[in-house]
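So you can see what is in the structure, the chains are spelled out below.
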Amino acid sequence: MKKLSAIIATAILIVSLASCASSQEGDLTSINDYVAPDYTVKAENGTFTFSEGLGDTAIITDYSGVYTEHEVVIPETIEFQGGVRTVVGIGDEAFYYCTSVTGVKIPDTVTSIGKNAFTGCNKLASINIPDAVTSIGNAAFQGCEKLQTVNFGSESKLTALGNYVFAGCTSLSNITLPSKLESIGDAGFWGCESLAKVEMPESVKTIGKMAYYFCTGLNTQDCIVLTANIEEIGEFAFSSTRKEYISAPEGSYAKEYVDAMIDKEEQTTEEETSEITE
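Reading the values: rules and limits
Residues numbered from 1 in each chain as written. Predicted model: local features only at pLDDT ≥ 70, side-chain atom pairs only at ≥ 80, totals over all residues. Heavy atoms only, no water. Phe/Tyr/Trp six-rings, centres within 6.5 Å; stacked < 30°, edge-to-face > 60°. Helix = DSSP H or I, 4+ residues; strand = E, 2+ residues; numbered from the N terminus. Buried < 20%, exposed > 50% of the residue type's maximum accessible area, 1.4 Å probe, protein only. Pairing = 2+ DSSP bridges. Contact = heavy atoms within 4.5 Å.

Undergrad: Sorry if this is basic, but what is going on with the packing of aromatic side chains here?
TA: Each pair of aromatic rings is reported with the distance of its centres and the angle of its planes. Per the stated rule, a full pass over the model turns up 14 aromatic pairs. Judged by centre distance (4.9 Å) and plane angle (10 degrees), the rings of Phe95 and Phe118 are stacked. With Phe95 in the loop between strand E6 (83-90) and strand E7 (101-105) and Phe118 in the loop between strand E8 (112-113) and strand E9 (126-129), this residue pair connects regions lying 23 residues apart in the sequence. Look at Phe189 and Tyr212: their rings are 5.0 Å apart centre to centre, the planes differ by 5 degrees, and that puts the pair in the stacked class. Of this pair, Phe189 sits in the loop between strand E14 (183-184) and strand E15 (198-199) while Tyr212 sits in the loop between strand E16 (206-207) and strand E17 (224-225), and the two are 23 residues apart along the sequence. There is no split in this pair, since Phe189 and Tyr212 are both buried. The structure contains a cluster of three or more aromatic residues connected by ring pairs, namely Tyr39, Phe48, Phe50, Tyr63, Phe95, Phe118, Phe141, Phe166, Phe189, Tyr212 and Phe238.

Undergrad: Explain the pairing of strand E2 (residues 46-52) here, please?
TA: One face of the sheet, then the other: side chains in a regular strand alternate in exactly this way. Among the 7 residues of E2, 6 are classified as buried, and the element is accordingly described as predominantly covered. Sheet topology places strand E1 (residues 39-42) next to E2; 4 bridges connect them, and they run antiparallel. Paired with Tyr39 across the bridge in E2 is Phe50. The loop that links E1 with its antiparallel partner E2 comprises 3 residues. Inspection of the sheet shows E2 paired to strand E3 (residues 57-65) by 7 bridges, in the antiparallel sense. Opposite Phe50, over in E3, you have Ile60 as the bridge partner.

Undergrad: Help me out: how do you make sense of the side chain of Thr57 in this one?
TA: With respect to the helices and strands, the residue Thr57 is situated in strand E3. Ignoring anything within four residues of it in the chain, the contact list for Thr57 reads Ser51, Glu52, Arg85, Thr86 and Val88.

These figures come from the coordinates and say nothing about function on their own.
Okay, here's the thing in structure tokens:
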């Protein structure tokens, strides 16, 4: 009898240990798979959805507003579960096709704007980018047809503009690039037909392909001013502008690029003329 009791006790112990191990393993799995829950905050004209960032920070992941035209004020901080979180980011597609939004006030705490963050906001007329923003994702403002003015602060930390970031912003006429900007992505300003002047900061080193393609408003003398610090310019970057309107320092890479484009155009014209006469 004692022997039987000992066997039963041993079996119970083994099952218990196995169950404990399984439970611990399950806990570890759930920790590794953990995704921070989103939570919402009511605003005057809509609702923000946030996700938790690192430490006591938060990132906007979505906004749903009223159907009538209105401006949006993004809060610097939000209260959540008895604590306060600082808003540091606007996530991918956060305001995607919010077609009733006419303006957005971004707090100085924001350091990043995600890809497609404001894509299709076709009533957005102007935007101020805080100095703290260090990155703007691809196509962040693509298709904002009424966007006329983009303001960067004098102390802007932004060093790169993503691909297609302002593509299709057909009303964009007023933008001064940040003084620390180093690169402009592919098709960054594609189709910005209202742009009449582009002055590259001395900091810019790379301009992507088709960066200013179909910018048909760039059609006066010195409407594009390049610098000696530019190291790379992609194909068709300024293809809609007459090349004699582009200013670049003698002996610079930018000047060689522009001259080569002119030579290519002249060569193409000669070839076409030759084909016609033949």
